[in-house]
Amino acid sequence: MMRLIHALCTLMCLCLAPHLMAQGNYQAEVPSRTTLDAFGDQLSLRLLAEAFFRNNEYASDLIADYTLPGYRFRADLGFRPNTSFPVELRLGVSNLYYWGALRYPSAIAYLDLPYWSGEGERYTKFRLRPFFQASILPTKGLAILLGGLEGGAKHELIEPLYNPELNLTADEETGLQIKYVGERTKIDTWVDWRSFIFRGEAHPEAFIFGLTARHRFPLSSASSLGLELQALAHHRGGVLNQQADTVHTWLNTALGISYEHQFKVMEAPLSWRTSAFALSYTQRGEHYSVNEGWGIYAESEARWRRWQAKMGLWYGTDFIGVLGVPFVQSVGRKGRQVIHSHHPRYLSLSASYRIMESMKYSLSLSAGLWMHPHSADRMSSYIEAYLSISPYFGLLK
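Keep in mind that this is a model prediction, so the values were computed, not measured. Residue positions are counted from 1 within each chain, in the order its sequence is given. In keeping with the model being predicted, local features are shown solely for residues with a pLDDT of at least 70 and side-chain atom pairs are shown and tallied solely at 80 or more, while totals for entire chains, interfaces and linings include all residues. Side-chain calculation: all heavy atoms of the structure are included, whereas hydrogens and water are not.

**Q** It is not clear to me how the overall build of the protein should be interpreted in this structure. Could you clarify?
**A** Secondary structure elements are defined from DSSP: runs of H or I of at least 4 residues count as helices, runs of E of at least 2 residues count as strands, and each element is numbered from the N terminus. For the protein, the count of helices and strands is two helices and 19 strands. Out of the 397 residues belonging to the protein, those deemed buried represent 47%. Surface exposure of the protein reaches about 19,000 Å², of which carbon and sulfur atoms provide 65%. Note on classification: 1.4 Å probe, protein chains only; a residue is buried when its accessible area is under 20% of the maximum for its type, exposed when over 50%, partly exposed between these limits. Note that accessible areas follow from Shrake-Rupley with a 1.4 Å probe, and for residues the cover is restricted to the protein chains shown.

So this is what it looks like as structure tokens:
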């Protein structure tokens, strides 16, 4: 009964909102490091606070139901020296907290991959991590970042490759990133280093390589075609790793085509985008019971004023998206070695509304449904409230 009530509430939210760029709400007000707006005064203080409450009613044979109530907080000081092109160093600390949580794993690669956290029974009572970022803007639109990356939703990955919920659960990405945003071309490539090992460590080295590339071909002043490539490569292992069954590599790729058109509705612009992707999955290391697979994903999105809505359609064969939404996976709750369905498939509907938005904050409500016939419970849903505040204080011009 509770699942039915939750689904009905979700459906009402969807009916009230005609585009969810699935991951577009997270840190929506934070400018990209590829623009001069992201570089501050010679000395500055930045705060980033995210509060969220998300309730998931999921198909029990695919993934357990759970609720995420909590916040993220980061405070950092920035120094921008007098150079011929923008350079900035930022140093601070970040905190992730879930209401009611009394302890946290001392190291997390991703919460849905406890097999790779590698820290046994070690816990900490306070989830506090250092933050460092060195960013350079050598030319217009091109940013090079070392340390803290523009991760999560900022990569604009499709849901079969990246679950939007990881914006609320995964640690901030750290490593190296090169990002370019031009008039027609966008390229984002990064290495996210998740786990470092010393000799004799009991957990594997872990890193993720990612790439998104998109080029737009204008058809008219209001419409355009696009070609897009996305890829995620996950590696666990390391030369110093001495543990058995811990060297694995997974690769997910997606090649797609998109069409975008701009309309005007009630004197306000409406943006509509539809796209289709062919995806592949390969594995080395025999962690999962399938070594290769493929999938097809299509989505249609619209954005009008503060409203957003999206519809997605997925069909896969022996597919594993290590960071993707749980409904694209061929495995379920019985474990990584048990095939739940050789052909996972779903239809998704999602929507959001930004109640408030400005250059420094945003407050949004969102909801979504997945209808997946390969599960005994054929429907899953979520409802989420999300607030992001990012004040900036210039200390020295």
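After that view, the rundown keeps rolling.
**Q** It is not clear to me how the pattern of salt bridges should be interpreted in this structure. Could you clarify?
**A** Side-chain pairing between opposite charges can occur once the charged atoms of the two side chains come close. Only one rule defines a salt bridge in this text: a Lys or Arg side-chain nitrogen within 4 Å of an Asp or Glu carboxyl oxygen. For the structure on display, the rule yields 20 salt bridges. Its salt-bridge partner being R194, residue D192 comes within 2.9 Å of it at the nearest N-O pair. As far as the burial class goes, D192 and R194 line up, both buried. Where salt bridges share partners, they join R33, R46, R74, D76, E88, R90 and E172 into one cluster.

**Q** What is the right way to read the environment of L225 from this model?
**A** By secondary structure assignment, the location of L225 is in strand β11 (residues 223-237). Look at L225 and you get partly exposed, because its relative accessible area is 34%. In the structure, L225 is positioned 32 residues away from I257 in sequence and 7.3 Å away in space, judged by C-alpha atoms. Residues within four places of L225 in sequence aside, it is in contact with H215, R216, F217, L219, S258 and Y259. Any two residues having at least one pair of non-hydrogen atoms within 4.5 Å are treated as being in contact.

**Q** I keep staring at the pairing of strand β1 (residues 43-57) and nothing clicks. Help me out?
**A** Regular strands place side chains that alternate from one sheet face to the opposite one. Strand pairing is assigned whenever DSSP detects at least two bridges linking the two strands. Judged from the four bridges that link them, β1 and strand β19 (residues 392-396) form a sheet pairing that is antiparallel. Its bridge partner being in β19, L45 is matched across the sheet by F393. With 14 bridges joining them, β1 and strand β2 (residues 66-79) adopt antiparallel strand pairing. Residue pairing for β2: R54 is matched across the bridge by L68. Judged from the nine bridges that link them, β1 and strand β18 (residues 379-389) form a sheet pairing that is antiparallel. Bridged to N56 within β18 is Y382.

**Q** Help me out: how do you make sense of the side chain of Q133 in this one?
**A** Along the chain, Q133 falls in strand β6 (residues 128-139). We classify Q133 as buried; its relative accessible area is 7%. Here the side chain of Q133 touches G148 through a polar contact of 2.9 Å, landing on its backbone oxygen. In this view, Q133 contacts R33, E88, L89, R90, L145, L146, G148 and L149; residues no more than four positions away in its chain are not counted. Two N or O atoms count as a polar contact when they lie within 3.5 Å, although within protein this holds only if one can serve as hydrogen donor and the other as acceptor, and sequence-adjacent residues are included solely when both atoms are side-chain atoms.

**Q** Can you walk me through the pairing of strand β14 (residues 292-304) in this structure?
**A** The pairing of strand β13 (residues 268-284) with β14 spans 13 bridges and is antiparallel. For R273, the partnering residue across the bridge sits in β14 and is E301. By the bridge criterion, 11 bridges tie β14 to strand β15 (residues 307-317) in an arrangement that is antiparallel. When the bridges of β15 are listed, A298 appears paired with L313. In sequence, β14 turns back onto β15 through a hairpin of two residues, with R305 there showing a positive phi of about 50°.

**Q** I tried to follow a nonpolar patch on the surface on my own but got confused; where do I start?
**A** Patches draw on residues past 30% relative accessible area with no salt bridge. Two like charges within 9 Å are joined, as are two nonpolar side chains (Val, Leu, Ile, Met, Phe, Trp, Tyr) within 5 Å. A cluster of nonpolar residues, L43, L77, F79, L89, L91, F132, F393, L395 and L396, forms a patch on the protein surface that exposes about 820 Å² of accessible area. Take the nonpolar patch: its biggest share by element is three residues, from β19. If you trace the backbone, F393 turns up in strand β19. Judged by its relative accessible area of 40%, F393 is partly exposed.

**Q** Help me out: how do you make sense of the packing of aromatic side chains in this one?
**A** Two numbers describe a pair of aromatic rings. These are the distance of the centres and the angle of the planes. Stacked, edge-to-face and tilted labels apply to pairs of Phe, Tyr and Trp rings (six-membered ring for Trp) whose centres lie within 6.5 Å, assigned for plane angles under 30 degrees, over 60, and everything in between, in that order. By the definition in use, this model includes 17 aromatic pairs. Aromatic pair Y71 and W99: ring centres 5.6 Å apart, planes at 55°, arrangement tilted. Separated by 28 residues along the polypeptide, Y71 in strand β2 and W99 in the loop between β3 (87-98) and β4 (104-105) bring together distant segments of the chain. With a relative accessible area of 53%, W99 lands in the exposed category. Between the aromatic rings of W370 and Y382, the centroid separation amounts to 5.7 Å while the plane-to-plane angle is 40°, which identifies the pairing as tilted. Within this pair, whereas W370 is found in strand β17 (residues 361-371), its partner Y382 is found in strand β18, the two being separated by 12 residues in sequence. There is no split in this pair, since W370 and Y382 are both buried. A connected cluster of aromatic rings, assembled from ring pairs, spans Y58, Y66, F327, W370 and Y382. Just above the ring of F39 sits the side chain of R33; from NZ or CZ to the centre is 4.6 Å. Charges are assigned to positions over rings by a cutoff of 6 Å between ring centre and Lys NZ or Arg CZ, combined with an angular limit of 35 degrees from the ring normal.

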